[in-house]
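Analysis of the macromolecular model
What follows is each chain in one-letter form.
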Amino acid sequence: MIDFSNTQNAFEGKSDADLRGAELLFRAMASTTLVKTGKVLSNIAASIHFPIGWALRPTIYRHFVGGETLEKTRPTLEKLGSRGVCAVLDYSAEGGSSEADINATYEETIRSLNFAKGNPHVSHGVFKPSGVGPTSVLEKVTKGETLTAEEQKRFDAFRKRFMELCRLAHEHGTRILIDAEHYAYQGIVDELSVEAMAEFNKERAIVFATLQMYRHDRLALLERIDEEAHDKGFIPGIKFVRGAYMEEERMLAQKNGYPDPICKDKQATDDNYDAGVRFVLERIDHFEIFVGTHNDRSLLKATELMKQRGIAPDDKRIFFAQLYGMSDNLSFNLAKAGYNVTKYLPYAPVDKVLPYLIRRAEENTAIKGQTTRELGLIRTERQRRRSAKS
């Protein structure tokens, strides 16, 4: 069994100064008041174009982001690669919904796929559909509402971008993850993801659909994808996550009068997640899987099932993933045990990535267990190092 409490291996790549900085950062994120104040001040600074990069770069930015540009991610990629961990290059700038903003994100995603081509340290490309298309139009399409001529033009452009990114990934031989979205427009994303898989996943999985398993309908979708794959002769790529918008989705369901799409509680979500992973691993001969989780119990269940079924840890059809800057005890101990591991590695200029950084801080504040775990592991390693020196 993998020992996820091995902090020596988890933090081998961090100096004593790095650990001190990480401890201070997570202590700050444990404070709801401090995080809320920081969000307000950051938003004010952004609105008046006040430069705050000098304060963010050596702290939260350095901890959670790989660099401002693709080229500047190279040292981080090489450092991760030296320890057997790959990366998913994630352009995390959050712009507007104008065609200019959408085109800028689309062009940068193309650059990231070109950068990933043949790079041994990059396991997957990724794009968020809402970054390359207008969400208002995607929502109308998902609901089956009639589009105006202008909306139809924008949707057609979105669909072309979506399929072109998948085509380019196929041409490069680089797997590409299609990130999940809000319930309101996930339907059209699911539809296009299956269409892209059917076209580009004939010999191996290139395109990966993301299933947010806090939704109670995702197992049914997984079964439908399996059936379509058999009928149309393609290999599904499935990325599993628990989900990113739970509170917001519950609120929107209540406000708009439709059934809550989220599992009834945390245990139901965990059970749904593990059932999805099991479904794919039991059919791995015609699937590929990307297991995105910070839950050690889910990881142990998955690795134990692999062992039971005689699946080698380094089977290239199976990847485990965590966010850069979090859960290093999971990532590096999995890699040490021979599993394929990758980190979601955001990159973008400081001002563009600010919403992402605020969300990371808010999530760590909301999920007290995660912050407590990170702090506990960091403190354990700092104490181990002090004892080793004495």
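Structural data are supplied above this passage.
Bear in mind that the values here come from a model prediction, so they are computed numbers and not experimental data.

Remarks on the sheet that holds strand 4 (residues 207-212)
Strand order in this closed barrel of 8 strands is 1-2-3-4-5-6-7-8, and the pairing throughout is parallel. Between one strand axis and the next, the sheet turns through 30° on average, direction left out of account. Bridge count for strand 1 (residues 85-91) against strand 2 (residues 122-127) is 2 bridges, and the pairing is parallel. Note on strand 2: the bridge partner recorded for V88 is H124. Each of strand 1, strand 2 and strand 8 (341-347) touches helix 5 (residues 74-81); the most contacted strand, strand 1, lies at about 150° to it.

Some words on empty space enclosed by the protein
Evaluated as defined, the whole model comprises 2 cavities of 30 Å³ or more. Size it by volume and the largest cavity reaches roughly 40 Å³. Surrounding the largest cavity, F11, K14, A22, F26, H63, G325, S327, D328, E374 and I378 form its lining. If you list the elements that add at least two residues to the lining of the largest cavity, you get helix 2 (16-29) and helix 16 (368-389). Here the residues of the lining of the largest cavity are counted per class, giving 4 nonpolar, 3 polar and 3 charged. In this structure, the lining of the largest cavity is formed jointly by two domains, domain 1 (1-65 + 354-389) and domain 2 (66-347), each of which donates at least three residues. Taken as a whole, the second largest cavity holds about 30 Å³ of empty space.

Overview of the pairing of strand 1
Among the 7 residues of strand 1, 6 are classified as buried, and the element is accordingly described as predominantly covered. Inspection of the sheet shows strand 1 paired to strand 8 by 7 bridges, in the parallel sense. Note that in strand 8 the partner of V85 across the bridge is V341.

Here we look at helix 5
Burial in helix 5 covers these residues: T76, L77 and L80. In an axial view of helix 5, the angular spread of the buried residues amounts to 100°, which keeps them on one side of the axis. Against the buried residues of helix 5 lie strand 1, helix 6 (99-116), strand 2, helix 14 (328-336) and strand 8.

What about the pattern of salt bridges?
Working definition: two side chains of opposite charge can pair if their charged atoms are close together. Tallied over the entire structure, the rule returns 35 salt bridges. Put simply, D179 and K239 hold a salt bridge, and the shortest N to O gap is 2.9 Å. Within this pair, whereas D179 is found in the loop between strand 3 (175-178) and helix 9 (183-200), its partner K239 is found in strand 5 (residues 237-241), the two being separated by 60 residues in sequence. As far as the burial class goes, D179 and K239 line up, both buried. Across the pair D226 and R283 runs a salt bridge whose closest N-O atoms are separated by 3.9 Å. In this pair, D226 sits in helix 10 (residues 218-232) while R283 sits in the loop between helix 12 (266-281) and strand 6 (288-292), placing the two residues 57 residues apart along the sequence. When salt bridges that share partners are traced, they join D16, E381, R384, R385 and K389 into one network.

Cut-offs and rules
- Residues numbered from 1 in each chain as written.
- Predicted model: local features only at pLDDT ≥ 70, side-chain atom pairs only at ≥ 80, totals over all residues.
- Heavy atoms only, no water.
- Pairing = 2+ DSSP bridges.
- Helix = DSSP H or I, 4+ residues; strand = E, 2+ residues; numbered from the N terminus.
- Axes fitted to C-alpha atoms, helices over the stretch in contact; angles between N-to-C directions.
- Contact = heavy atoms within 4.5 Å.
- 1 Å grid on protein atoms, 1.4 Å probe; cavity = no way out; pocket = protein on both sides within 12 Å on 5 of 7 lines; lining within 4 Å.
- Points joined across faces, edges and corners; volume = space filled by probe spheres on them.
- Nonpolar A, V, L, I, M, F, W, Y, C, P; charged D, E, K, R; others polar.
- Domains from an automatic or database assignment.
- Buried < 20%, exposed > 50% of the residue type's maximum accessible area, 1.4 Å probe, protein only.
- Arc of directions from axis to C-beta.
- Salt bridge = Lys/Arg side-chain N within 4 Å of Asp/Glu carboxyl O.

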